[in-house]
Amino acid sequence: MKLLLTTILLFAITINGVAQDTKTNDINLKVIDSLYQAFSKGDIPTVLSLMDTKIIWNEAESNSLAVGNPYIGPEAVLNGVFLKIGELYKSFTLKNVKLHEMSNNQVLATLYYMITSMDDKEYTVQVAHHWTLKDGKIIQFQQYADTKKLADAE
């Protein structure tokens, strides 16, 4: 009877998604880490190559870049987000990126944007990025940010 209950409990945990495939989580963390590494080097082609062709990308609500939400596909992200960042700020870098593995092929990144505005003011913006992956490709992105500081930096 005890063995039957244990088996049922393990089955229920697996069905509810609590049991995690550590190999998949490791792959997901490596994909997101390589994305941040490429972004820090300005290697945007590599960043875009890690995205699924139908990625759904959402900037934080009240962020000026959210006007195009959702951006669908890497080309839309490039044109609607990355190129606009270059137009809005004199410099834009990432600092203290920490990755947190989650279940269901998700990764959470906590980090800071270090922004120099066009009038040479410096801003540190606390953000979180919620990534969803499938088969080693990023299929969804959601940004959470201090949008007041982002607006002040523009």
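Description of the structure in this document. Computed from a prediction, not measured in an experiment: that's the story for all the values here.

Calculation rules
Residues numbered from 1 in each chain as written. Predicted model: local features only at pLDDT ≥ 70, side-chain atom pairs only at ≥ 80, totals over all residues. Heavy atoms only, no water. Core = buried A, V, L, I, M, F, W, Y, C linked by side-chain atoms within 4.5 Å. Buried < 20%, exposed > 50% of the residue type's maximum accessible area, 1.4 Å probe, protein only. Helix = DSSP H or I, 4+ residues; strand = E, 2+ residues; numbered from the N terminus. Contact = heavy atoms within 4.5 Å. Pairing = 2+ DSSP bridges. Axes fitted to C-alpha atoms, helices over the stretch in contact; angles between N-to-C directions. Phe/Tyr/Trp six-rings, centres within 6.5 Å; stacked < 30°, edge-to-face > 60°.

With respect to the nonpolar core
And step 1. Ranked by internal contacts, the top residues of the largest apolar core, which has 35 residues, are Trp57, Phe82, Ile115, Trp131 and Ile138.
And step 2. A per-element tally of this core places helix α2 (residues 22–40) first, with six residues.
And step 3. When neighbours within four sequence positions are excluded, Trp57 is seen to be in contact with Met51, Asn69, Pro70, Tyr71, Val77, Val81, Phe82, Trp131 and Phe141.

Looking at the sheet that holds strand β5 (residues 122–134)
And step 1. The strand order across the open sheet formed by six strands is β2-β1-β6-β5-β4-β3, and the pairing between neighbours is mixed. In this open sheet, the two edge strands, each paired with only one partner strand, are β2 (71–72) and β3 (89–101).
And step 2. Strand direction decides the pairing type here: β3 and strand β4 (residues 106–117), joined by ten bridges, are antiparallel. By the bridge assignment, Lys98 is partnered in β4 with Thr110.
And step 3. In the packing of helix α4 (residues 74–88) onto the sheet, contacts are made with β1 (51–58), β2 and β3, and the angle to β1 comes to roughly 50°.

Structural notes on the environment of Leu78
And step 1. Among the secondary structure elements, Leu78 is positioned in helix α4.
And step 2. Expressed as a C-alpha distance, the spacing of Leu78 and Val47, which sit 31 residues apart in the sequence, is 9.7 Å.
And step 3. With residues near it in sequence (within four places) discarded, Leu78 still touches Ile44, Leu48 and Leu83.

Observations regarding the packing of aromatic side chains
And step 1. Going through the model one piece at a time under the given rule, you end up with nine aromatic pairs.
And step 2. Seen in terms of ring centroids, Tyr89 and Phe92 are 5.8 Å apart; in terms of plane orientation they differ by 20°. Their pairing is stacked. Of the two residues, Tyr89 and Phe92, neither departs from the other in class, the shared state being buried.
And step 3. Among the aromatic side chains, those forming a connected cluster through ring pairs are Tyr36, Phe39, Trp57, Phe82, Tyr89, Phe92, Tyr113, Trp131 and Phe141.

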